[in-house]
Amino acid sequence: MTACVASPAPPNCPDTSASAPAAPPNGAPSRGETSDDAPSQPASLLVELRAASAHPAKLHVRLTATRISATVWSFGRVPDSPVLDLSATDAAGPVEVHENQNRLELARAPSGRLVISYTLTAQPFDAARPLATAVDPNRLRVSGESVLALPDDYESRPLSVTVRIDTKMYPDANMAASSLGVGHERSLELTMAALRRASFIAGPMGHAKMNGPEGHDEAAWLGFSSFDPRSVAAEVAGFRTGAREYFAAKRSAPLTLLIVSDGRAAGQFDAARRTASVLVHVGAFQKWTAPIRMTVAHQVLREWMGAELALVPEELEEVRTLWFTEGVTRYLARELLWRFGLLGPEEYRDEVEALLALVATHRRRNEPNEKLVGLGGDPTLVVARGALYATLVDRAIKIRSNNKASMNDVLRSLFAQARTKRAPLPEAAWHAEIEKHLGAGASDMHRRHISEGKLVDLESAAIGKCFRRVPKRYDIFGLGFETVAKKAAKVDPRGPAHRAGVREGDEIVWLKHDPGRTDVDARIRIRRNGKTTDLTYRPITGTLPGYGFTRIKTVRDEDCRT
């Protein structure tokens, strides 16, 4: 893939900021810029976003619909603020429109071109709410779910969508990007369900576009970061190319990487799969480490895993296959990063131990998976179990086949079946494929480790010749209190929150932590007797025994991958 980045461009690389992107592979959506003489479409929607810096900051939204007769326009979720200055006009004049919870309802069917406009009050950038509507004098970040009222009639039907982001508020950094790509204005054939899952950013940003026969990738980064986002953009594009080759996928739709830095502490980051994009939030001092690389690779792989290749149980409860769609995807992200040389031996080991720590210390570690999914469940444990189970199966297949087969053969075969069927596979397809390699005992392995949630027992060789298995104790995650009606309750007098200064009845102004991670500080703001205090502590409530892996020093790094 030819990687040409902007802001600034490296030597011998043309300035791509003004160049048209290469045509995407056959069958992939086009991301060309719109033009006035473009051929008309049966139905189209123009989305215009404009920020205003008044106090409080506001976001103005204008929707222009052509040949769309819908009378109900819905938000993906209740907006972050009340809808203000709401109006609708069509060829016949003003249209009465009512707001009903997260819906806008027109009093009559529109005639001709319909224009709906409204204003939302924006919030300051808040690391605890990465998808909230955020506007300040320097930048903008919004998500489709909470700012776009879209026609219900096209929830699953594609139409021609143009997104236009007005950046006049930021004259010194007149740049914008979205899930649709880099630029103030982008067009794409989209369903409204997909548009709701799009993100939009503007402000002082850098950007990159990478074109090649194997795909088209774009990237934009908003704010300062301690790592070079240009190299990260190229790395992610290269990883996606490798993943496409792994699946032998003939097509690869364009992907946009959006990186937003905010005030969160180093070590606290998140990555979310958005429409045709991955949205990453990092702190300004966050380095590009193995954990964040793993998280982003996981989201990139969802282009295939959980999308083209998905398992659905006979009872059609997709959540019951999280062990596969998320857990096996986590396993595959680790294995591909390792194969491509993007993880070192210790980083590979640390990822496995992080999963072992989670399943060994989780407060619901003794519950079967069926109690951990669905309403009120905790999918993190299910995902960890799935990733470790895949590691166990891979090792078992290698042993039985004398290293002539592996999990790669299983996943590629399932992907080929799903691509042919063009629909999710029944969970039975997984069992049939595993039994080809492991015999009837494969079903018992799945029952123990996935259905019943037994602790996976990995031997030393399961993660390569560089390590041997050793006993280890893992920290138990716990905040040390519960939250009831926005107040601290059941504060453990011997716990970390009490030692940091939290007391029973304290008002919780905000709380920021990474669930399950004991290596990342919990930060909390409390209010007591009218006084506000910020506290920071490690959420560790004790330790439990388990096992891990220690490095064999006599094995060289370059021999670990053989």
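Up top is the structure.
Parameters and conventions
Residues numbered from 1 in each chain as written. Predicted model: local features only at pLDDT ≥ 70, side-chain atom pairs only at ≥ 80, totals over all residues. Heavy atoms only, no water. Phe/Tyr/Trp six-rings, centres within 6.5 Å; stacked < 30°, edge-to-face > 60°. Helix = DSSP H or I, 4+ residues; strand = E, 2+ residues; numbered from the N terminus. Buried < 20%, exposed > 50% of the residue type's maximum accessible area, 1.4 Å probe, protein only. Lys NZ or Arg CZ within 6 Å of the ring centre and 35° of its normal. Pairing = 2+ DSSP bridges.

Engineer: Describe in detail the packing of aromatic side chains, supporting the description with residues and values.
Structural biologist: By the definition in use, this model includes 13 aromatic pairs. Judged by centre distance (4.8 Å) and plane angle (45 degrees), the rings of F247 and F415 are tilted. Of this pair, F247 sits in the loop between α3 (229–246) and β20 (255–262) while F415 sits in helix α8 (residues 407–421); the two residues are 168 residues apart in sequence, bridging distant segments of the chain. Accessibility assignment for this pair places F247 and F415 in one class, buried. Relative to W430, the ring of F324 has its centre 5.6 Å away and its plane inclined at 70 degrees; by these criteria the two rings are edge-to-face. Linking F324 in helix α5 (residues 322–339) with W430 in helix α9 (residues 427–438), this pair joins segments that are 106 residues apart in sequence. Comparing F324 with W430 shows no difference in burial state: the two are buried. Put simply, the rings of Y246, F247, W304 and F415 touch in pairs and so form one group of aromatic residues. Above the plane of the ring of F125 lies R139, whose end atom (NZ or CZ) is 3.8 Å from the centre. If you follow R551 out to its NZ or CZ, it ends over the ring of F467, 6.0 Å from the centre.

Engineer: An account of the sheet that holds strand β13 (residues 159–166) is needed here, citing residue identities and associated values.
Structural biologist: The strand order β6-β5-β9-β3-β2-β13-β16 describes an open sheet built from seven strands, whose pairing is mixed. The open sheet has two edge strands, β6 (93–94) and β16 (185–190), and neither has a second partner.

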